[in-house]
Amino acid sequence: MDIISEILEIDRLAEEQLENARNKRLKLLDESKKQAASIKEQAEKEIGDYRQNAEETSKKETEDKDRELKAEEERKLKEFDELYEKNHTLWEKEILDAVLER
């Protein structure tokens, strides 16, 4: 082979390598975009799951606290009713005596 043929062959091989490198770059870029989209999708799913779990936990805690408060309210009302039943006659008499003494 003469020098020109060798230079042309080297140039052709260099062009092939450059084209292969470009193709590999495009393939890697495409794979990177797909991975990024997959990571984003997974992160959004995890965030959604976490948010849903937090909302459910918060709702359950709120409902539990509401039940506790209602039970406490009922207990106190019952105590007040018992106190009233026990003492209302005495209180009525004391009030009546106080009014009549004036």
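Since the structure is predicted, the reported quantities are computational estimates derived from the model, not experimental observations.

Criteria and cut-off values
Residues numbered from 1 in each chain as written. Predicted model: local features only at pLDDT ≥ 70, side-chain atom pairs only at ≥ 80, totals over all residues. Heavy atoms only, no water. Helix = DSSP H or I, 4+ residues; strand = E, 2+ residues; numbered from the N terminus. Buried < 20%, exposed > 50% of the residue type's maximum accessible area, 1.4 Å probe, protein only. Expected span 1.5 Å × (residues − 1). Bend = angle between axes of the 7 residues up to and from the residue. Salt bridge = Lys/Arg side-chain N within 4 Å of Asp/Glu carboxyl O. Patch = residues over 30% accessible without salt bridge, like charges linked within 9 Å, V, L, I, M, F, W, Y side chains within 5 Å. Areas by Shrake-Rupley, 256 points an atom, 1.4 Å probe, with all protein chains shown as cover. Phe/Tyr/Trp six-rings, centres within 6.5 Å; stacked < 30°, edge-to-face > 60°.

A. Local environment of the environment of Glu82. If you trace the backbone, Glu82 turns up in helix H1 (residues 3-101). Relative accessible area serves as the criterion here: at 46%, Glu82 is assigned to the partly exposed category. Along the sequence, Glu82 and Leu28 sit 54 residues apart, while their C-alpha atoms lie 80 Å from each other.

B. Geometry of H1. An ideal rise of 1.5 Å per residue puts 147 Å on 99 residues; H1 measures up with 136 Å between its terminal C-alpha atoms. The sharpest bend along H1 measures roughly 55 degrees and falls at Asn87.

C. Looking closely at the pattern of salt bridges. Counted by the stated rule, this structure contains 13 salt bridges. Between Lys34 and Asp30 there is a salt bridge, and its shortest N-O distance comes to 3.4 Å. Separated by four residues within a single helix, Lys34 and Asp30 lie in helix H1, roughly one turn from each other. On the basis of relative accessible area, Lys34 is assigned to the exposed category, the value being 55%. Salt bridges here are not isolated pairs; linked through shared partners, they connect Glu72, Arg75, Lys76 and Glu79.

D. Quick peek at a nonpolar patch on the surface. Residues Leu77, Phe80, Leu83, Tyr84, Leu90, Trp91, Ile95 and Val99 make up a contiguous nonpolar surface patch of about 800 Å² in total accessible area. Structurally, Leu90 can be placed in helix H1. By relative accessible area, Leu90 is classed as partly exposed at 45%.

E. Inspection of the packing of aromatic side chains at higher detail. For the structure on display, the rule yields one aromatic pair. Their ring planes at 55 degrees and their centres at 6.4 Å tell us that Tyr84 and Trp91 sit as a pair that is tilted. The partly exposed category is assigned to Tyr84, whose relative accessible area is 41%.

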